[in-house]
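Remarks on the overall topology
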Amino acid sequence: MRQVTVTMGAHELTSLDAGEFLYDGGAMFGAVPKVIWESLVPVDEQNRIQLTLSPLLIRVGSRRILVDVGFGERHTKRELKIFGFDPARNVEQALGTLGLAPEDVDTVVLTHLHVDHAGGATRERGGTIEPAFPNARYLVNEREWNDALAPDARSAAAYRADDFVPLEEAGRLEFVGDTHDVGDGVSMVRTGGHTAGHMMVLVATDSGTAVYPADLIPSRHHVRVPYIAGVDTFPLDVIGEKKRLLEEAHRERWLTILDHDPSGNVGRIVKDDRGRYAFRDEDV
Ligand SMILES: [Zn+2]
């Protein structure tokens, strides 16, 4: 169980363990040659590497804010084969280990609508697809919404309309722009890059700031500026935004909570002995 909770002032931040999946290493590392990245991560005979599904739960006062929801519980046979999921593991089960039910979540923040982040936003009950968090409002960047409804040919396979269209039909959706104040110190900031409407989440607490960069920096290896995923829609935007984030996260000692790293998702941005940014695990 890779679930980790960090207390910062009045905020409790939990990197949830909503399962794992296998993903093509080339798609994850883009232009970085395999001879380099295969020394960093184990790779299977189908060229796949393991990634975690690690949504962020923020508990503060009576608020229960969930940032991303993992793949959820609706898997096709094809998805099970491609991604190697354990279908028994999902965000609901992860919340259960903390004594929480989907009903307890008041806000769901979706950094973007790719299936590994938004798949768990809905669930199927009695043949109907409905919001999986019945008492929550769902926050999504408006540009991301429009792109997900009419994706370009390269992005189409990453979106499933059933993950998000039922949220609008149920009246649970709120669109946000480039920045949005979620309340209680939590804010969303558009980064673009991975997708045009991709957002990261910042948490301002009494004992410093935490950041959830989502797929701007999906694993510790992607802290290296040229490590850009092949699936990023606007790779040069990723570089600019990542540099800006790394500089600030390093200078201000932000707790950095990643979304896909099987070696550990909670740490800080440091500089290595060659002056390059690196990820150091937090002692938790
Ligand atoms: Zn992702």
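Here, the structure is the one placed above.
Residues numbered from 1 in each chain as written. Predicted model: local features only at pLDDT ≥ 70, side-chain atom pairs only at ≥ 80, totals over all residues. Heavy atoms only, no water.

Moving on, we come to the sheet that holds strand S12 (residues 179-183). Spatially, seven strands are ordered S12-S13-S14-S15-S16-S17-S18 in an open sheet, and the strand pairing comes out mixed. The sheet terminates laterally at S12 and strand S18 (277-281), the two strands that pair on one side only. The sheet shows a mean angle of 30° between the axes of neighbouring strands, direction not considered. Across five bridges, strand S17 (residues 266-271) lies against S18 in antiparallel orientation. Within S18, the position partnered with Val270 by the bridge is Ala278. (Pairing = 2+ DSSP bridges. Helix = DSSP H or I, 4+ residues; strand = E, 2+ residues; numbered from the N terminus. Axes fitted to C-alpha atoms, helices over the stretch in contact; angles between N-to-C directions.)

What follows covers the sheet that holds strand S6 (residues 63-67). The strand order across the open sheet built from seven strands is S1-S2-S5-S6-S7-S10-S11, with neighbouring strands paired in mixed fashion. Edge strands, defined here as strands with exactly one partner in the open sheet, are strand S1 (4-8) and strand S11 (173-176). Direction aside, neighbouring strands of the sheet carry axes that sit 20° apart on average. Sheet topology places strand S5 (residues 56-60) next to S6; five bridges connect them, and they run antiparallel. Each residue of the ladder has a partner; that of Val60, found in S6, is Arg63. Here helix H6 (residues 142-149) sits on the sheet and contacts strand S10 (137-141) and S11; the angle it forms with S10, its principal contact strand, is near 80°. (Contact = heavy atoms within 4.5 Å.)

Per the counting criterion, the structure on display carries 20 salt bridges. One salt bridge in this structure joins Asp106 and Arg63, with 2.9 Å as the shortest N-O distance. In this pair, Asp106 sits in the loop between helix H4 (91-96) and strand S7 (107-109) while Arg63 sits in strand S6, placing the two residues 43 residues apart along the sequence. A relative accessible area of 22% means that Asp106 is categorised as partly exposed. A salt bridge links Arg251 to Glu247, with the nearest nitrogen and oxygen atoms 3.6 Å apart. Taken together, the residues span about one helical turn, with Arg251 and Glu247 both in helix H8 (residues 235-251) at a distance of four residues. Among the residues examined, Glu247 registers a relative accessible area of 43% and is labelled partly exposed. Three or more residues joined by partner-sharing salt bridges are found here, namely Arg2, Asp17, Glu20 and Arg89. (Salt bridge = Lys/Arg side-chain N within 4 Å of Asp/Glu carboxyl O. Buried < 20%, exposed > 50% of the residue type's maximum accessible area, 1.4 Å probe, protein only.)

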